[in-house]
Amino acid sequence: MIDLNDIDIHELLPQQEPFVMVDKLTHFDEKKTCTRFTVRQDNLFVEAGRLDACALAENIAQTCAARLGYVNKYILKRAIQVGFIGAIRGMRVFDTPKVGDVLDTSIEVVEQIMDLTLVNAIVKMGEKTLATAEMKIALAEEVMQ
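Residues numbered from 1 in each chain as written. Predicted model: local features only at pLDDT ≥ 70, side-chain atom pairs only at ≥ 80, totals over all residues. Heavy atoms only, no water.

**Topic: the packing of aromatic side chains**
- A complete count under the given rule lists three aromatic pairs for this structure.
- Geometrically, the ring pair formed by Phe19 and Phe45 is tilted, given 5.8 Å between the ring centres and 50° between the ring planes. Taken as a pair, Phe19 in the segment before strand E1 (24-28) and Phe45 in the loop between strand E2 (32-38) and strand E3 (46-47) lie far apart in primary sequence, 26 residues in all.
- Between Phe28 and Tyr70 the ring centres are 4.3 Å apart and the planes differ by 35°, which places this aromatic pair in the tilted class. Placement of Phe28 in strand E1 and of Tyr70 in helix H1 (residues 53-75) is noted, with a sequence separation of 42 residues between them.
- Members of the aromatic cluster, joined through ring pairs, are Phe28, Tyr70 and Tyr74. (Phe/Tyr/Trp six-rings, centres within 6.5 Å; stacked < 30°, edge-to-face > 60°. Helix = DSSP H or I, 4+ residues; strand = E, 2+ residues; numbered from the N terminus.)

**Concerning the side chain of Gln81**
- You can see Gln81 is positioned in strand E5 (residues 81-93).
- Within polar-contact distance, the side chain of Gln81 engages the side chain of Arg78 at 3.0 Å. (Polar contact = N/O pair within 3.5 Å; in protein donor to acceptor, adjacent residues only side chain to side chain.)

**Let's talk about H1**
- Between its terminal C-alpha atoms H1 stretches 33 Å, which fits the 33 Å expected from 23 residues at 1.5 Å a residue.
- For H1, the side-chain oxygen to backbone nitrogen distance between the N-cap and Cys54 is 3.1 Å, and the N-cap itself is Asp52.
- Following H1 by one or two positions, Lys77 has its phi on the positive side, about 55°. (Expected span 1.5 Å × (residues − 1).)

**Let's talk about the pairing of strand E6 (residues 102-113)**
- Sheet topology note: the E2/E6 ladder contains seven bridges and is antiparallel. The partner of Phe37 across the bridge, within E6, is Leu103.
- In the sheet, E6 pairs with strand E7 (residues 116-125) via nine bridges, with the strands oriented antiparallel. Residue pairing for E7: Val109 is matched across the bridge by Val119.
- Hairpin connection, E6 to E7: the antiparallel pair is bridged by two residues, and Met114 has positive phi, about 50°. (Pairing = 2+ DSSP bridges.)

**So, the confidence of the model for the protein**
- Put simply, the protein has an average pLDDT of 93, and 96% of its residues get 70 or more.
- Per-element averaging of pLDDT across the protein places strand E8 (residues 128-143) at the bottom with 88 and E2 at the top with 98. (pLDDT = per-residue confidence, 0-100.)

**Things to note about unusual backbone geometry**
- Cis geometry marks the peptide bond from Glu17 to Pro18; its omega dihedral reads 10°.
- Notably, Ala48 is not glycine yet its phi reads approximately 55°, a positive angle.
- Mapped onto the elements of the fold, Ala48 is located in the loop between E3 and strand E4 (50-51).
- Of note in the backbone geometry, Met114 takes a positive phi value of approximately 50° without being a glycine.
- By the secondary structure assignment, Met114 is in the loop between E6 and E7.
- Exposure remark for Met114: the relative accessible area of 76% places this residue in the exposed category. (Buried < 20%, exposed > 50% of the residue type's maximum accessible area, 1.4 Å probe, protein only.)

The structure is reproduced here in structure tokens:
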């Protein structure tokens, strides 16, 4: 089993800087994936010292991408696939984080049918829930080289 601390998150994501919204994969199993992200001042989505709500949706999507990247690279031994947000339902944003805050995002697979994955997501800062959502991710046919 690979040590998640040894994985460079950039190897798992199709996104490139400055658009990377996760720093580290912290948990992976068949149903649940977790990432950690520290809000930095130079983030594209920071305004007046706070990360905006759109960034929380992108953070969830990139947690899904990290899960898919892990599956492709370490389990299926193939190139990274690109995914797209197919739908976001019931997203609730309770608060937005400040620069320096550390977010822990977890997704739980509800259903996976062919190239569609439905997840329930939660973004937390410590014990405080910042956002929840249901997200559907659709996979593209092509893979990244």
